[in-house]
Amino acid sequence: MSLERKAAPASSLSIHSPPQAPHSPNSFLFKLSSPLSSFSVTFSTLGRAHVLALAGDLDAHTAPEFDAALRSCLDGGHVRIVADGAGLTYVSSAGLGVFMAFLEPTRSGGGDLVIAALPARVFETFDLLGFPEVFRFAPTVEAAAALFEVTS
């Protein structure tokens, strides 16, 4: 079953069926994006992992969208989360704060929040602030999802 959900400026939501999920035939898509921002989050599954594909600028204006996406995963009982950063073009301290806010809830629930496929320029921001000491990083979404097959 595939769903796409786009956040609207008001409280209304529109749901659309996308062509096909990118990671597997059994995955689903749930897309959160604002018509006023250049940021989107697309949900899918890969093995035991929930994948959140991030695209655009993750900053103070768009961090609430990422927060809502992660909260949706946790509310649904999904604690094995891969943040696919391949589409990120920029991340600010507000965006980094969202990652930090959800690390403990995922781990205390028996899962983890693994960051995958970051462009080199974006990874530099994470690296400068010591994120590799706290988070697990993977070169690809597939490698990140495989960590959940082995360790949880």
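Below: a short report on this structure. What you are looking at is a predicted structure, and each value in this text was computed from that prediction instead of being measured.

### Some remarks on the pattern of salt bridges
Pairing between side chains of opposite charge can happen when the charged atoms of each approach one another.
Thinking step 1. Evaluation of the coordinates by the stated rule reveals 3 salt bridges.
Thinking step 2. Close ionic contact of R136 with D112 constitutes a salt bridge, the shortest N to O distance being 3.0 Å. Of the two residues, R136 is situated in strand β8 (residues 136-138) and D112 in strand β7 (residues 112-116); the sequence distance between them amounts to 24 residues.
Thinking step 3. Taken together, the shared-partner salt bridges connect R107, D112 and R136 into one network.

### Concerning the pairing of strand β4 (residues 40-46)
Thinking step 1. Extensive coverage of β4 is indicated by the burial of 7 of its 7 residues.
Thinking step 2. Neither face of β4 is open: one carries S40, T42, S44 and L46, the other V41, F43 and T45, and all of them are buried.
Thinking step 3. The sheet contact formed by β4 and strand β5 (residues 49-58) spans 7 bridges and is antiparallel. Of the residues in β5, the one forming a bridge with L46 is A49.
Thinking step 4. Counting the residues that bridge the hairpin from β4 to β5 gives 2 residues, and of these G47 lies at a positive phi of roughly 65 degrees.

### Overview of the packing of helix α1 (residues 63-75) against helix α2 (residues 93-108)
Thinking step 1. Here α1 crosses α2 at 15 degrees, and the two axes come no closer than 9 Å. One way to sum up the angle between α1 and α2 is to call them roughly parallel. Pair α1 / α2 crosses with right-handed handedness. Here α1 contributes A63, F66, D67, L70, R71 and L74 to the contact with α2, which in turn contributes A94, G95, V98, F99, F102, P105 and T106.
Thinking step 2. When grouped by side-chain class, the residues that make up the contact of α1 with α2 number 9 nonpolar, 2 polar and 2 charged.

The rules behind these values
- Residues take numbers from 1 onward in each chain, read along the sequence in its written order.
- Whole-chain, interface and lining totals are the exception, using all residues; otherwise, since this is a predicted model, local features are given only for residues with pLDDT of at least 70 and side-chain atom pairs are given and counted only at 80 or more.
- Only hydrogens and water are removed before side-chain values are computed, so all heavy atoms of the structure are retained for them.
- By definition, a salt bridge exists where a carboxyl oxygen of Asp or Glu is found within 4 Å of a side-chain nitrogen of Lys or Arg.
- Every helix listed is a DSSP run of H or I at least four residues long, and every strand listed is a run of E at least two residues long, numbered separately from the N terminus.
- Working definition: with a 1.4 Å probe on protein chains only, accessible area under 20% of the residue-type maximum means buried, over 50% means exposed, and in between means partly exposed.
- The pairing criterion is simple: DSSP has to find at least two bridges between the two strands.
- Note on geometry: axes are lines fitted to C-alpha atoms, helical ones only across the stretch in contact, with angles between N-to-C directions running from 0 to 180 degrees.
- For classification, angles of less than 35 degrees are called roughly parallel, those exceeding 145 degrees roughly antiparallel, those between 65 and 115 degrees roughly perpendicular, and all remaining angles oblique.
- Note on convention: the crossing is left-handed when the near helix lies turned anticlockwise from the far helix by less than a right angle, right-handed when the turn is clockwise.
- The criterion used for residue contact is that any of the two residues' heavy atoms lie within 4.5 Å.
- Throughout, the ten residues Ala, Val, Leu, Ile, Met, Phe, Trp, Tyr, Cys and Pro are labelled nonpolar, Asp, Glu, Lys and Arg are labelled charged, and all others, Gly among them, are labelled polar.

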